[in-house]
Amino acid sequence: MTKLLTTLVLSALLQSARMDPVATLTGRLELEKYKATIKGLTQFGDRRQGTDRNRAAVDWIEEQLKSYGCANTERNHYEYTGRQVDPARNRRAATAGAVLPTPLTIEGGGRPRGVRVRAAVNLDPELQPDLALRELNAQPDMPGPREEVYCTKIGTTHPDEMYIVSAHMDGHGYGEAANDDGSGTALVMELARIFSNPDVQTDRSIRFVLWNNEETGEQGAKAYVDQRQALQGKEDPPGSGRYPEPKWLGMIQHDMMLFDHGAPRADGTVSKEQRLEADVNIEFQVSSKFAAQSQALAWAFEMANEKYATDYPAAVSSHMTNTDSFQFQEFVASISLREAERGIQIGLGWDPHWHQPTDVFATFDDKDFRLGLNAAQTTLAAVAQLTGATLKP
Ligand SMILES: [Zn+2]
């Protein structure tokens, strides 16, 4: 009798999975594929903007997107005239890890609590102990033209409307930018792969964007907004059924998805293990013009996580800051997914590998990578629901 019941329950579950395309699509995400894509990105070192290793990474990402079937890749062009780091002038000892007084307020808002340790960008190439990686990261950045790549899944009934699913592909700190932001970039690439499968259809469009110049102040995202905002929803050429810039319905950014080991202890150290309470943090900015819409979008993601993510829950909070979605928050519903809250957690030093030579693939274990995978499940499920994804028989 028990065996019969188990069989009945199992076949009912299988049946509902067959009938729920969101469950089927989410099930196509694989930890090993996600890790392999992060690993692929690390072959370009820290991918600092304005260098050959950054340009090679943009080319590699575009090749991958094409190979997934997200075929019509495009590039946004802009100019960045600043210098990020001149090693000869700016080299100084890394000071990350020192215990500091906890501030009363922090960028983005929110109330900092607990121990704060200094979080700083490593500017000294010689602090990278891996000599091959030090060599790979040796070229300094130069001002000049910049490019960032994107591709689009065209909606069948509303090709003129889209969600933007994005991450930044540049990094710094003389590591491999494995977590910041190889983990977010790989998440977006995995979603592009799954949504580009020939059996997947969506009512609305989805644009997968890998921003450049985030680490210098989101100039890549800003250039995109400046150049393309006015093109939204316009058919070009008229009568063609083509919309080079579908109307923005929401902007979803992913930045540092792996490491949630908890708060620093009194001595400034952080646990070596992913904490059992690890979660995917979904942030919107309560002081932005689209706060109400952004909040609604954030809760849609939280519910998608609850239903479809396998291991880790999601938490919503209201102080999104220092991320590419900031450039969109006055124009459209905008959220950011991250391993921890950017202001009161990352800002207090919760991630000791942030912008450090230790942000390399080998630093992270499967519990870390699995948090990133759960963020991918969350975004994939939410975006599949929002765009009306179905599977062709
Ligand atoms: Zn980042």
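Our structure's up above, just so we're on the same page.
Read on for an overview of the structure. Owing to the predicted nature of the structure, the values given are computational and were not obtained by experimental measurement. (Residues numbered from 1 in each chain as written. Predicted model: local features only at pLDDT ≥ 70, side-chain atom pairs only at ≥ 80, totals over all residues. Heavy atoms only, no water.)

### Here we look at the packing of aromatic side chains
All told, the structure shown has eleven aromatic pairs when counted by the stated rule. Note on Trp211 and Phe328: the rings are 5.8 Å apart at their centroids and 45° apart in plane angle, and the pair reads as tilted. One end of the pair, Trp211, is in strand E7 (residues 204-211); the other, Phe328, is in the loop between strand E10 (314-317) and strand E11 (334-338), and 117 residues separate them in sequence. Phe328 matches Trp211 in its accessibility class, with the two residues each being buried. Plain terms: the ring middles of Phe361 and Phe369 are 5.0 Å apart, the flat faces sit at 35° to each other, and that makes the pair tilted. (Phe/Tyr/Trp six-rings, centres within 6.5 Å; stacked < 30°, edge-to-face > 60°. Helix = DSSP H or I, 4+ residues; strand = E, 2+ residues; numbered from the N terminus. Buried < 20%, exposed > 50% of the residue type's maximum accessible area, 1.4 Å probe, protein only.)

### Some details on the environment of Pro21
Take Pro21: it is sitting in helix H2 (residues 21-26). Between the alpha carbons of Pro21 and Gln385 there is a distance of 9.2 Å; along the sequence they are 364 residues apart. Leaving out residues up to four positions away in the same chain, Pro21 has contacts with Ala389, Thr390 and Leu391. (Contact = heavy atoms within 4.5 Å.)

### Topic: the pattern of salt bridges
Inspection of every chain in the model, using the stated rule, returns 21 salt bridges. Lys35 is the partner of Asp366 in a salt bridge, and the nearest nitrogen-oxygen pair spans 2.7 Å. Of the two residues, Asp366 sits in helix H10 (residues 366-386) while Lys35 sits in helix H3 (residues 31-42), which places them 331 residues apart along the sequence. Note that Arg204 is salt-bridged to Glu161, the shortest N-O span being 2.7 Å. Residue Arg204 is located in strand E7, and its partner Glu161 is located in strand E5 (residues 158-168); the two are separated by 43 residues in the primary sequence. (Salt bridge = Lys/Arg side-chain N within 4 Å of Asp/Glu carboxyl O.)

### Description of the coordination of the zinc ion
Geometry sets the ideal angles at a metal, namely 109.5 degrees for four tetrahedral donors and 90 or 180 degrees for six octahedral donors. At this site the zinc ion is bound by His168 (NE2), Asp180 (OD), Asp255 (OD) and Asp255 (OD), with donor distances of 2.0 to 2.5 Å. Seen from the zinc ion, its four donor atoms lie at angles of 55 to 145°, and the figure they make is irregular. All donor residues of the zinc ion come from one chain, and their arrangement in sequence is H-x11-D-x74-D. Taken together, the positions of Asp180 in helix H7 (residues 178-195) and Asp255 in the loop between strand E8 (247-254) and strand E9 (280-283) put the pair 75 residues apart, joining distant regions of the chain. What makes Asp255 buried here is its relative accessible area of 2%. (Donors = N, O, S within 2.8 Å, 3.2 Å for Na, K, Ca; no water. Tetrahedral: all angles 85-135°; square planar, octahedral: opposite > 155°, others 65-115°.)

### Brief notes about the state of the cysteines
In the structure shown here, the tally under the stated rule is one disulfide. Paired through a disulfide, Cys70 and Cys151 show a sulfur-sulfur distance of 2.1 Å. Since a negative S-S torsion denotes a left-handed disulfide, the Cys70-Cys151 link at about 100° is right-handed. One end of the pair, Cys70, is in the loop between helix H4 (52-67) and strand E1 (74-80); the other, Cys151, is in strand E4 (residues 144-153), with 81 residues separating them in the sequence. Each member of the pair, Cys70 as well as Cys151, is classed as buried. (Disulfide = S-S within 2.5 Å.)

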